[in-house]
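Examination of the molecular architecture
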There are 2 protein chains.
Amino acid sequence: MNYTAHINVMPLKELLDPQGKAVSSSLHNLGLTQVQDVRIGKHITLSLSASSIEEANGMVQEACKKLLANQVMEAFDFTLVEG
Amino acid sequence: MNYTAHINVMPLKELLDPQGKAVSSSLHNLGLTQVQDVRIGKHITLSLSASSIEEANGMVQEACKKLLANQVMEAFDFTLVEG
């Protein structure tokens, strides 16, 4: 069975996000002054084959913990869909 | 009223994604050989104040087109929630 995982990896709320701050001031300079806060992370789509959704879930967890997210500075969440 | 936009900016399907390819082979090296395809883009959360959801929607569209996404190489989509 094929599954697709949509993973978001975001900087932790407690930490400063310099990229987000830079984008926020650029948006203000472009006239979008009602923008208050911007945070920027990664969005990863990953397609994989697994025998069950539980196995797929375990694989995505492993991929996030071992490679995709640096858990000292980032948090991840994902949704898993068939197909 | 405050709104939060969750924006995904992804490389177009027609284009090669070298970062995704690199992550895909790293995952294979880590033993996750059932991973087939990886694509990596940006996830942006943007909080803004607007008088209506339509106005907020327009502002997020403008932010994406003017700054957040390079529409030659990337596609964006977003969801908008209150609060």
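Below, the structure is looked at part by part. All of these numbers come straight from a predicted model, not from anything done at the bench. (Residues numbered from 1 in each chain as written. Chains lettered and ligands numbered in written order. Predicted model: local features only at pLDDT ≥ 70, side-chain atom pairs only at ≥ 80, totals over all residues. Heavy atoms only, no water.)

1. Considerations on helix H2 (residues 53–68) of chain B
What H2(B) keeps buried is the set Ala56(B), Met59(B), Val60(B), Ala63(B), Cys64(B) and Leu68(B). Around the axis of H2(B), the buried residues are gathered within 135° of arc, so they sit on the same side. Against the buried residues of H2(B) lie helix H1 (18–29) of chain A together with strand E1 (2–11), strand E2 (35–49) and strand E3 (74–82) of chain B. (Buried < 20%, exposed > 50% of the residue type's maximum accessible area, 1.4 Å probe, protein only. Helix = DSSP H or I, 4+ residues; strand = E, 2+ residues; numbered from the N terminus. Arc of directions from axis to C-beta. Contact = heavy atoms within 4.5 Å.)

2. Digging into the interface of chain A and chain B
At the interface, 31 residues of chain A touch 31 residues of chain B. Across the chain A/chain B interface, buried area totals approximately 2,700 Å², and carbon plus sulfur atoms make up 61% of it. Contact with chain B buries surface across chain A, with Leu32(A), Gln34(A) and His43(A) losing the most and accounting together for 20% of the total. Taken together, the links from chain A to chain B amount to 14 residue pairs in polar contact (both at pLDDT 80 or more). Mapped by element, the contributors of at least two residues to the side of chain A that touches chain B are strand E1 (2–11), H1, strand E2 (35–49) and helix H2 (53–68) of chain A. Strand direction decides the pairing type here: E2(A) and E2(B), joined by 13 bridges, are antiparallel. (Buried area = accessible area lost by both parts, 1.4 Å probe. Polar contact = N/O pair within 3.5 Å; in protein donor to acceptor, adjacent residues only side chain to side chain. Pairing = 2+ DSSP bridges.)

3. Some words on the relation of the copies chain A and chain B
Between the two copies of this chain, the relationship is a rotation about some axis together with a displacement along it. Rotating chain A by 180° and moving it 0.0 Å along the rotation axis overlays it on chain B with an RMSD of 0.0 Å. When the rotation and shift are considered jointly, the pair of chain copies conforms to a two-fold rotation axis. By residue overlap, the copies meet face to face through one surface: 100% of the interface positions of chain A are interface positions in chain B. (Least-squares fit on C-alpha atoms with pLDDT ≥ 70 in both.)

4. Description of the environment of Asn57(A)
All names here are of chain A. Relative to the helices and strands, Asn-57 is located in helix H2. Sequence-wise, Asn-57 and Val-23 are 34 residues apart; in three dimensions their C-alpha atoms are separated by 33 Å. Beyond its immediate stretch of four places on either side in the chain, Asn-57 contacts Phe-78 and Leu-80.

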